[in-house]
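Summary of the model geometry
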Amino acid sequence: LRLWVNPHLGDLQRLDYLRLTTGVRYGLTENWQMSVASDLYFSHGRGEVRSFEKYGAANLQLGTKVNLGQPWFSGWDIGTGFDLSFPLGHPPAELTDGLCHFMPYLTLSHRLAAHPDWRIFCGLRLDVISVTDVVGEFGDDDFRASSTGITGGWVIDRKNWHYTFEASYDTTRLLGSPAKDYVAIRPGIIWEIPSRRNPQTKGHWSVGIALKNSYGPGGVGLGASVRLRYNRDLKKPERRPAVPPGR
């Protein structure tokens with residue numbers, strides 16, 4: 001049982017509201033998990049809306065994932081699942097696109113035998129949308145039709161540091177119209193801030209920085225992002241038996 005909270009600090013400059021993506025993940029078995037999350041929000045007062053004048057939940061995100069092990073290729077772990085996301089009520093238009101998204105996916109990952117701190121991965125996904133009566137806003141590169149996508153990259157783990165590289169391609173050519181394509185490259189780095197207490201009994205913070213170079217319907221885009229995340233395992237740690245004196 002795991003809880004995570006991800007504040008979108010960039011909203012303080014771009015939006016009238018601050019989003020807190022909050023979720024709970026529960027492992028039904030060692031290989032099957034369920035998750036529930038939502039973009040909670042409140043007006044932060046730096047824009048045109050007064051502090052905490054408006055607040056709520058912008059959407060609901062449901063998901064499930066199954067670890068299939070290595071049924072196809074030796075050394076390649078395979079997972080599959082889906083995410084379902086839809087708006088709740090009528091949140092501010094700047095916080096939603098007003099669409100319902102059903103997103104099944106398949107992922108493959110492999111840890112290199114010669115370099116065990118390297119893991120390469122790739123994934124295939126669909127994004128099947130349906131229209132709701134909720135009013136939303138779209139960015140220049142947002143698709144308004146169902147799409148398919150593929151992602152590949154690697155992760156390098158060095159104790160509390162994780163170096164990532166990801167390249168992705170999404171298109172509406174197979175499922176929707178008009179035909180649009182989106183390509184992005186994202187190198188990044190994540191630092192898990194060490195905890196003074198036992199990490200099994202205490203949550204921990206992580207900070208991530210990523211660069212992004214993209215090309216889509218809105219043209220070429222260059223940017224950077226910083227992510228602050230709090231992660232906590234809600235399962236109570238197992239009590240260790242007391243050691244008798246003198247041993």
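Located above this text is the structure these notes cover.
Attention here is on the structure that accompanies the text.

Glancing now at a nonpolar patch on the surface. Together, Leu1, Val24, Tyr26, Leu28, Trp32, Met34 and Leu234 give the surface a local cluster of nonpolar side chains, amounting to about 600 Å² of exposed area. Mapped onto the nonpolar patch, the elements with two or more residues apiece are strand E2 (17-29) and strand E3 (32-43). The greatest single-element share of the nonpolar patch, amounting to three residues, is contributed by E2. Summarising the element assignment, Leu1 is placed in the segment before strand E1 (2-7). We classify Leu1 as partly exposed; its relative accessible area is 41%.

With that out of the way, let us pick up the pattern of salt bridges. One pass over the full model with this rule turns up nine salt bridges. With its nearest N and O atoms 3.6 Å apart, the salt bridge here joins Asp157 to Arg111. Taken together, the residues span a long stretch of sequence, with Asp157 in strand E9 (residues 147-158) and Arg111 in strand E7 (residues 99-111) at a distance of 46 residues. For Arg111, a relative accessible area of 32% puts it in the partly exposed group.

Counted under the stated rule, the structure contains seven aromatic pairs. Between Phe42 and Phe52 the ring centres are 4.8 Å apart and the planes differ by 10 degrees, which places this aromatic pair in the stacked class. With Phe42 in strand E3 and Phe52 in the loop between E3 and strand E4 (55-57), this pair connects stretches of sequence that are ten residues apart. Look at Phe42 and you get buried, because its relative accessible area is 19%. The class of Phe52 is exposed, set by a relative accessible area of 55%.

Scoring rules and cut-offs
- Residues numbered from 1 in each chain as written.
- Predicted model: local features only at pLDDT ≥ 70, side-chain atom pairs only at ≥ 80, totals over all residues.
- Heavy atoms only, no water.
- Patch = residues over 30% accessible without salt bridge, like charges linked within 9 Å, V, L, I, M, F, W, Y side chains within 5 Å.
- Areas by Shrake-Rupley, 256 points an atom, 1.4 Å probe, with all protein chains shown as cover.
- Salt bridge = Lys/Arg side-chain N within 4 Å of Asp/Glu carboxyl O.
- Helix = DSSP H or I, 4+ residues; strand = E, 2+ residues; numbered from the N terminus.
- Buried < 20%, exposed > 50% of the residue type's maximum accessible area, 1.4 Å probe, protein only.
- Phe/Tyr/Trp six-rings, centres within 6.5 Å; stacked < 30°, edge-to-face > 60°.

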